[in-house]
Amino acid sequence: MLNLLVTNATLPDGRTGMSIAVEGGRIAEVTQGLVAPAHETLDAQGLLVAPHFVDPHFHMDATLSYGLPRVNESGTLLEGIALWGELKPLLTAEALIERALAYCDWAVAKGLLAVRSHVDTSDPSLLAVDALLEVKRQVAPYLDLQLVAFPQDGVLRSPGGVDNLKRALDKGVDVVGGIPHFERTMADGAASVKLLMELAAERSKLVDMHCDESDDPLSRHIETLAFEAQRLGMQGRVAGSHCTSMHSMDNYYVSKLLPLIAESGVGVVSNPLINITLQGRHDTYPKRRGMTRVPELMAAGVNVAFGHDCVMDPWYGMGSGDMLEVAHMGLHVAQMTSQAGIRQCFEAVTTNAARVMHLEGYGLEAGCDASFVLLQARDPVEAIRLRATRLKVFRKGRLLAETPAATAALHLPDRAQATSWMIQKP
Ligand SMILES: [Zn+2]
């Protein structure tokens, strides 16, 4: 007997009337109209069942600290980094863990069950590293938390930067990070990429560097990252995050850069909410959008994912762990408003993001983990448009969260009472 049988589901690829059979935490079968005995049956009523959301770029050590010790007045990346520097000496492990766990609760409620979080390794005490390793242990039964050793103050620029990062990896941090555009010179930035890539190759680690988070068109560290990925045979194991300078780069140079990134198998993680907020701050008018070239990268064959990056922290005072909000902003900023473009933005917060994180057992196929979300929408386009309610969130066949359907009771003159949740009737 099956543990769970979901019937009459619409899948992100457009198949309708689908049944998902779950046995022992895994998907046993996905087929049309299956009827089989199960301990629990869920009629999806034609609504969308999607694999869970994935956030491939986040900062869980800073999340929910908005206003501590003060608010970012200029709204710039650099004031955010300075503010984080003011907050760091005041951090306690207990408060950091409490905030991170609260955020993980928000995430689960939104069907976000895998997060790659950077953790600042610049402080020699590695307080944040220890705290997030503890959070990772505590949330493991319900959320995959992958940690990136992130030298926020620059691995070469800050004293002891390399040693601190290595110690974080020794403690069990999963991925090697970097921030080449924050090193003192372009040459130091390139040297940091080479050093960190060699370190990752030595230790067989994945890599995810903050790369060119700047409006400076000459910030070209993504080129070095792609070159090193090829040189060291690390195709498919490396991601460049942000890459906002590409927005401002010369078109001829980009025409040479895109094939290099594609050949190197480097994935790109764009963070639409944050990029549209933090970039272009030195511009008067016109103001640049400052998001990387998402559709062009996708067309070149690069795996592009969207991250949330920040929720209520020194850089950003908004957010709720809703990856549909991220996709919504992404499609606006990138002008990906065709039906195909909108669907690509849905993939950027699901399958593409899972590929960046090398998640095992992800997807809606036989043999995958039964980790999926029932949304109050009939397809990915409607899901993004409505930032649809996550009616039910399952992980490995277990129900983790439920939210009542969103409806509005209407009291209109000369009309019988009606309800609406803003779908367009077919
Ligand atoms: Zn970041």
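Residues numbered from 1 in each chain as written. Predicted model: local features only at pLDDT ≥ 70, side-chain atom pairs only at ≥ 80, totals over all residues. Heavy atoms only, no water.

A. Quick look at the sheet that holds strand β6 (residues 53–58). Judged by pairing direction, the sheet is parallel, and its eight strands sit side by side in the order β6-β7-β8-β9-β10-β11-β12-β13 without closing on themselves. Only two strands of the sheet have a single neighbouring strand rather than two, namely β6 and β13 (304–306). Note that strand β10 (residues 206–211) and strand β11 (residues 238–242) share five bridges and pair parallel. From the neighbouring strand, H210 faces β11, where its bridge partner is S241. (Pairing = 2+ DSSP bridges. Helix = DSSP H or I, 4+ residues; strand = E, 2+ residues; numbered from the N terminus.)

B. Expanded view of helix α2 (residues 93–109). Helix length check: α2 (17 residues) gives 24 Å between terminal C-alpha atoms against 24 Å at 1.5 Å per residue, within 8%. If you check which residues of α2 are buried, you get L96, I97, R99, A100, Y103, C104, A107 and V108. Backbone geometry just after α2 places G111 at a positive phi near 75°. (Expected span 1.5 Å × (residues − 1). Buried < 20%, exposed > 50% of the residue type's maximum accessible area, 1.4 Å probe, protein only.)

C. Summary view of the side chain of R390. Here R390 shows up in strand β15 (residues 390–395). For R390, a relative accessible area of 3% gives the class buried. At a separation of 2.9 Å, a polar atom in the side chain of R390 contacts the main-chain carbonyl oxygen of K110. In this view, R390 contacts F53, A109, K110, G111, D322, M323, L324, V373, L374, L375, E402 and T403; residues no more than four positions away in its chain are not counted. (Polar contact = N/O pair within 3.5 Å; in protein donor to acceptor, adjacent residues only side chain to side chain. Contact = heavy atoms within 4.5 Å.)

D. Structural view of the domain arrangement of the protein chain. According to the domain assignment, the protein chain consists of domain 1 (2–46 + 363–408) and domain 2 (53–357). A straight line from the C-alpha centre of domain 1 to that of domain 2 covers 30 Å. Facing the 18 residues of domain 1 at the interface are 23 residues of domain 2. Taken over both partners, the interface formed by domain 1 and domain 2 buries close to 1600 Å², and the fraction arising from carbon and sulfur atoms is 68%. Ranking the residues of domain 1 by area buried against domain 2 places I384, R390 and R395 at the top, with a combined share of 40%. The interface formed by domain 1 and domain 2 holds two salt bridges in total. A salt bridge links R390 to D322; the shortest N-O distance between them is 2.3 Å. Applying the counting criterion to the domain 1 and domain 2 interface returns six residue pairs in polar contact (both at pLDDT 80 or more). A breakdown of the residues in the side of domain 1 that touches domain 2 according to their chemical character gives twelve nonpolar, one polar and five charged. (Domains from an automatic or database assignment. Buried area = accessible area lost by both parts, 1.4 Å probe. Salt bridge = Lys/Arg side-chain N within 4 Å of Asp/Glu carboxyl O. Nonpolar A, V, L, I, M, F, W, Y, C, P; charged D, E, K, R; others polar.)

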